[in-house]
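Next come the chains, spelled out residue by residue.
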Amino acid sequence: MGPRVDGTGEGNGRIRVDRDRCVGGGMCALVAPDVFTQDDDGFIEIIEGQEHGDGPEVRKALQACPVRAIRID
């Protein structure tokens, strides 16, 4: 079993973000608030300890990102 990601189920994928690509739309934080947040400038951050997971909430955030700044390895 992989690490638990709150609200998303279990998964082994590692969530990666391309901060250079992020435009601060905030869809990821809206769709998966237990996994993503925004820094003071509005750009994506993964909440500490939530770097692993590929559950439904994370997948929704991945799809909701208008610039595809999120990926799961």
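So, how was this worked out
- Residues numbered from 1 in each chain as written.
- Predicted model: local features only at pLDDT ≥ 70, side-chain atom pairs only at ≥ 80, totals over all residues.
- Heavy atoms only, no water.
- 1 Å grid on protein atoms, 1.4 Å probe; cavity = no way out; pocket = protein on both sides within 12 Å on 5 of 7 lines; lining within 4 Å.
- Points joined across faces, edges and corners; volume = space filled by probe spheres on them.
- Nonpolar A, V, L, I, M, F, W, Y, C, P; charged D, E, K, R; others polar.
- Helix = DSSP H or I, 4+ residues; strand = E, 2+ residues; numbered from the N terminus.
- Contact = heavy atoms within 4.5 Å.
- Core = buried A, V, L, I, M, F, W, Y, C linked by side-chain atoms within 4.5 Å.
- Buried < 20%, exposed > 50% of the residue type's maximum accessible area, 1.4 Å probe, protein only.
- Salt bridge = Lys/Arg side-chain N within 4 Å of Asp/Glu carboxyl O.

Enquirer: When you look at empty space enclosed by the protein in this model, what are you seeing that I'm missing?
Expert: Applying the stated rule across the entire model yields one cavity of 30 Å³ or more. Approximately 100 Å³ is the volume attributed to the largest cavity. Cys22, Gly25, Gly26, Cys28 and Cys65 are, among the 16 residues lining the largest cavity, the residues nearest its centre. The residue inventory of the lining of the largest cavity, partitioned by class, reads eleven nonpolar, five polar and no charged.

Enquirer: Is there a simple way to think about the environment of cysteine 22 in this case?
Expert: Along the chain, cysteine 22 falls in the loop between β3 (15-17) and α1 (27-31). C-alpha of cysteine 22 to C-alpha of proline 66: the two residues are 44 residues apart in sequence and 8.8 Å apart in space. If we ignore the near neighbours within four places in the chain, the residues touching cysteine 22 are Phe43, Ile44, Val67 and Ala69.

Enquirer: Could you clarify how one ought to interpret the nonpolar core in this entry?
Expert: As a rule of thumb, soluble globular proteins bury nonpolar side chains together. If you look at the biggest cluster of nonpolar residues, it comprises 13 residues, and the most contacted ones within it are Ile15, Cys28, Val35, Phe36, Ile44, Ala61 and Ile70. The element best represented in this core is helix α2 (residues 56-64), accounting for three residues. For cysteine 28, the residues in contact, after removing those within four places along its chain, are Pro33, Phe36, Ile44, Ala61 and Ile70.

Enquirer: What should I look at first to understand the pattern of salt bridges in this one?
Expert: Two side chains bearing opposite charge may form a pair once their charged atoms approach each other closely. All told, the structure shown has four salt bridges when counted by the stated rule. Each member of the salt-bridge network shares a partner with another, and the members are Arg16, Arg71 and Asp73.

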